[in-house]
Amino acid sequence: MRDASNGAEFRERIHAATGQEVRLLTGDEEANLIGRGLTSDPALADLQDFDVFDLGGGSLECLAFRDRRAEQALSLPLGASG
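Everything in this summary refers to the structure shown in the same document.

Conventions and cut-offs
Residues numbered from 1 in each chain as written. Predicted model: local features only at pLDDT ≥ 70, side-chain atom pairs only at ≥ 80, totals over all residues. Heavy atoms only, no water. Helix = DSSP H or I, 4+ residues; strand = E, 2+ residues; numbered from the N terminus. Rg over C-alpha atoms; globule rule 2.2 N^0.38 Å. Buried < 20%, exposed > 50% of the residue type's maximum accessible area, 1.4 Å probe, protein only. Contact = heavy atoms within 4.5 Å. Areas by Shrake-Rupley, 256 points an atom, 1.4 Å probe, with all protein chains shown as cover. Lys, Arg positive; Asp, Glu negative; His and termini not counted. Charge placed at Lys NZ, Arg CZ, Asp CG, Glu CD. Polar contact = N/O pair within 3.5 Å; in protein donor to acceptor, adjacent residues only side chain to side chain. Core = buried A, V, L, I, M, F, W, Y, C linked by side-chain atoms within 4.5 Å. Salt bridge = Lys/Arg side-chain N within 4 Å of Asp/Glu carboxyl O. Pairing = 2+ DSSP bridges. Axes fitted to C-alpha atoms, helices over the stretch in contact; angles between N-to-C directions.

### Things to note about the overall build of the chain
A count of helices and strands for the chain gives two helices and three strands. Order of helices (α) and strands (β) in the chain, N terminus to C terminus: α-α-β-β-β. The C-alpha radius of gyration computed for the chain amounts to 15 Å, which surpasses the reference 12 Å derived for 82 residues by more than 25%, pointing to a less compact arrangement than a globule. With the C-alpha coordinates aligned to their principal axes, the bounding extent of the chain is approximately 45 × 25 × 15 Å. With 82 residues in all, the chain has 18% of them scored as buried. In the chain, 29% of the contacts between residues at least 6 apart in sequence involve partners at least 24 apart. Carbon and sulfur atoms provide 50% of the accessible area of the chain, an area that totals close to 5900 Å². Distance from the positive charge centre (8 side chains) to the negative charge centre (15 side chains) of the chain: 4 Å.

### Concerning the environment of Thr-26
As for its placement among the helices and strands, Thr-26 is situated in the loop between helix 1 (7-18) and helix 2 (27-39). Sequence separation between Thr-26 and Glu-61 is 35 residues, and the spatial gap between their C-alpha atoms is 11 Å.

### A closer look at the side chain of Ser-75
Mapped onto the elements, Ser-75 comes out in strand 3 (residues 69-76). Reaching out from Ser-75, the side chain makes a polar contact with the side chain of Glu-61 at a distance of 2.6 Å. Leave out the neighbours within four places in its chain, and Ser-75 touches Arg-2, Gly-27, Asp-28, Ser-59, Leu-60 and Glu-61.

### Considering the nonpolar core
If you look at the biggest cluster of nonpolar residues, it comprises six residues: Ala-31, Ile-34, Phe-50, Val-52, Leu-63 and Phe-65. Going through the elements one at a time, helix 2, strand 1 (50-55) and strand 2 (60-66) are the ones with two or more residues in this core.

### Thoughts on the pattern of salt bridges
If you walk through the whole model with that rule in mind, you get three salt bridges. Note that Glu-29 is salt-bridged to Arg-23, the shortest N-O span being 3.3 Å. Between Arg-66 and Asp-51 there is a salt bridge; the shortest N-O distance is 3.3 Å. Within this pair, whereas Arg-66 is found in strand 2, its partner Asp-51 is found in strand 1, the two being separated by 15 residues in sequence.

### Points about the sheet that holds strand 1
With antiparallel pairing, three strands are arranged side by side in an open sheet as 1-2-3. Among the strands making up the open sheet, the edge pair consists of strand 1 and strand 3. Strand-to-strand twist of the sheet, defined as the mean angle between neighbouring strand axes without regard to direction, takes the value 10 degrees. Pairing of strand 2 with strand 3, which is carried by seven bridges, proceeds in the antiparallel orientation. Residue Ala-64 lies in a different strand from strand 3, and its bridge partner there is Gln-72. Packed on one face of the sheet, helix 2 meets strand 1, strand 2 and strand 3 and runs near 45 degrees to strand 2.

### Focus: unusual backbone geometry
A negative phi angle characterises most non-glycine residues, just as the trans form characterises most peptide bonds. Of note, Asp-67 is a non-glycine position whose phi angle comes to about 55 degrees, a positive value. When you line up the elements, Asp-67 lands in the loop between strand 2 and strand 3.

Now the structure itself:
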């Protein structure tokens with residue numbers, strides 16, 4: 001929704017239908033939360049150094065982990081709608 005031409009309208013419709021405000025994450029926030037989710041997944045507990053690329057609708061998040069800590073996180077305006 002960050003870059004969608006009708007993003008504001010869509011958020012307004014959600015608010016009208018549910019009474020809930022929609023807060024858009026910045027690209028940096030999205031990358032950070034992806035990293036937090038990955039490092040809390042028990043199935044990935046054995047991974048120490050790894051890289052992750054998450055391609056979504058309008059952004060590509062690139063993360064580099066060393067000792068299970070995100071050393072680098074970057075969000076690029078690329079994706080299916082980017």
